[in-house]
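The lines below spell out each chain.
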Amino acid sequence: MQHLTIKQILKQAPVGDTLTVHGWVRTFRNEQFIALTDGSTRTHLQVVVDREATPPETLRLIHPGAAITATGKLVESLGRGQDVEIQADTITILGPSDPETYPIQPKRHTLEFLRKNGHLRFRTQTFGAVFRIRHHLALAIHRFFDERGFFYLHTPIITASDAEGAGEMFTVTALDLNQLPKDEQGRVNFKEDFFGKHTHLTVSGQLEAELGALALSKVYTFGPTFRAENSNTTRHLAEFWMIEPEMAFADLNDDMNLAEDMLKYLIRYVKDKAADDLEFLAQRQANEEKNLPQNERSIPLLEKLDNTLTEPFARITYTEAFDLLRNSKPNKKGRFKFPVSEWGIDLQSEHERYLVEKKFKKPVIVTDYPKDIKAFYMRLNDDSKTVAAMDILVPGVGELVGGSQREERYDLLVRRMEEMHIPVEEMQWYLDTRRFGTCPHAGFGLGFERLVQFVTGMANIRDVIPFPRFPGNAAF
Ligand code: 4AD
Ligand code: MG
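Residues numbered from 1 in each chain as written. Chains lettered and ligands numbered in written order. Predicted model: local features only at pLDDT ≥ 70, side-chain atom pairs only at ≥ 80, totals over all residues. Heavy atoms only, no water.

A.B. asks: I'm lost on the pairing of strand β1 (residues 18-29) in this one. Help?
C.D. replies: Side chains on a regular strand alternate between the two faces of the sheet. Pairing geometry for β1 and strand β4 (residues 67-76), over 7 bridges, is antiparallel. The residue of β4 that forms the bridge with G23 is I68. Examined bridge by bridge, β1 and strand β2 (residues 33-37) share 5 bridges and lie antiparallel to one another. When the bridges of β2 are listed, R29 appears paired with F33. Hairpin connection from β1 to β2: 3 residues lie between these consecutive antiparallel strands, with N30 at a positive phi of about 50 degrees. (Pairing = 2+ DSSP bridges. Helix = DSSP H or I, 4+ residues; strand = E, 2+ residues; numbered from the N terminus.)

Structure follows, in structure tokens:
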């Protein structure tokens, strides 16, 4: 049946019309006022129950969580908190809910409690707001690239290559795990497996995206990626979505400009599409943090997003970042868990957070990292010590983007691969791009969930993906 969503009703406000509305009861006040939500918007619609006209067996079933249909006239509301309300002539209970056992009560629940009830957390205002914003961001990403002439390329989810060379992969197999075929050395013989070789879930679509970029010039991927790293942190998932643009005829500067333009575009888009959800989440974050000492609180959400929009991102080299950190107060006072003493160390999240939250108070792009802490495909700089890499660090999250100019010179690439024990033989398809019409090119990877965290202010990455996967958890 055609009907208006609550979002449409509140927007059009056809006062005087008789409407039918569907939704779930959020609260039922004074046995008369239903706050009804259908997820289309954060704001609920007030449905006023006619106690005389409504049969007692229906009244008895109006509880938080119940699915109902209400029909009645839309009128201007005299009560505070809403402009219009429905004076219901009839109410139908589509799906009753048990008030004793329904986990989502009309009160504040901790995120941890809601994570344990992950199948129902969509019903809360917080998760409604987060997942609406997640949707807007996904769409905005496609729009951004389309407007700039990038083609959406689908890279494989099952692959035999380890794009990052870090070995944190989930094996994909159709072998009987109780009867594994073995080779002469007693190792599992993957030649007998479905694909005739050892395959994994992809950690990144970059290498395949490079093949596309060296023909279509500008491509991007947007798909799920998987990492079997045992990281139980608020910023890591075992299954997450990544956006990876790749551009031919582009250098590191073009790469940074693209990423900065993109983040600004996305924030502008969400502010335009979901201002009310953002305001709600800003308020939520302020409430969550109100008992923290001032210096431990986040930059207020809307202020943080506005800063990101209006300010140019800071751009510093790894070496500059290293010097800043080494001479910083927390380092001198021994407050970093990982002291900053020797050039070449990897930046830890405490260092990243110091740079963005204390030092610059806005996104920071760190470039030209030591080659030993970065992947094999990054372009070697003339100093032979650093590579043309860039990471974008943002308040509250740390590393949001990781990218680089790619090593387009065949000999140098092969040398790096050998140094880093990347199987050159198996990667001939990749090296062919450097043999036939190689050119300067660059790209980056944006972690989609970290982006949603940044925009919504949610502290834990498990709360910005509908069905989080992390060590010990694969519910649903
Ligand atoms: O820095 P990473 O590992 O870079 C790559 O995979 C490159 N191939 C990207 C490229 O140049 N095309 O990952 C990119 C981003 C990180 O900056 C982070 O935002 C996110 O992916 N990320 C994760 N997000 C959630 N959980 C994890 N375990 C993540 N690992 C990386
Ligand atoms: Mg990285």
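A.B. asks: How should I be thinking about the sheet that holds strand β14 (residues 386-394) in this particular structure?
C.D. replies: The strands that make up a sheet pair up through hydrogen bonds in the backbone, lying either parallel or antiparallel. A sheet is described by the order of its strands in space; here 8 strands give the open sequence β6-β10-β11-β16-β15-β14-β13-β12, paired in mixed fashion. Because the sheet does not close on itself, it has two edges, and the strands there are β6 (151-152) and β12 (314-317). Where β6 lies against strand β10 (residues 218-226), 2 bridges are found, and the strand directions are parallel. Within the sheet, the bridge partner assigned to Y152 lies in β10 and is Y220.

A.B. asks: Please explain the environment of L216 as it appears in this structure.
C.D. replies: With respect to the helices, strands and loops of the structure, L216 is situated in helix α5 (residues 206-216). Residue classification places L216 among the partly exposed residues on the basis of a relative accessible area of 42%. Through-space distance from the C-alpha of L216 to that of R51 is 66 Å; in sequence the pair is 165 residues apart. (Buried < 20%, exposed > 50% of the residue type's maximum accessible area, 1.4 Å probe, protein only.)

Everything listed is a geometric property; what it means functionally is a separate question.
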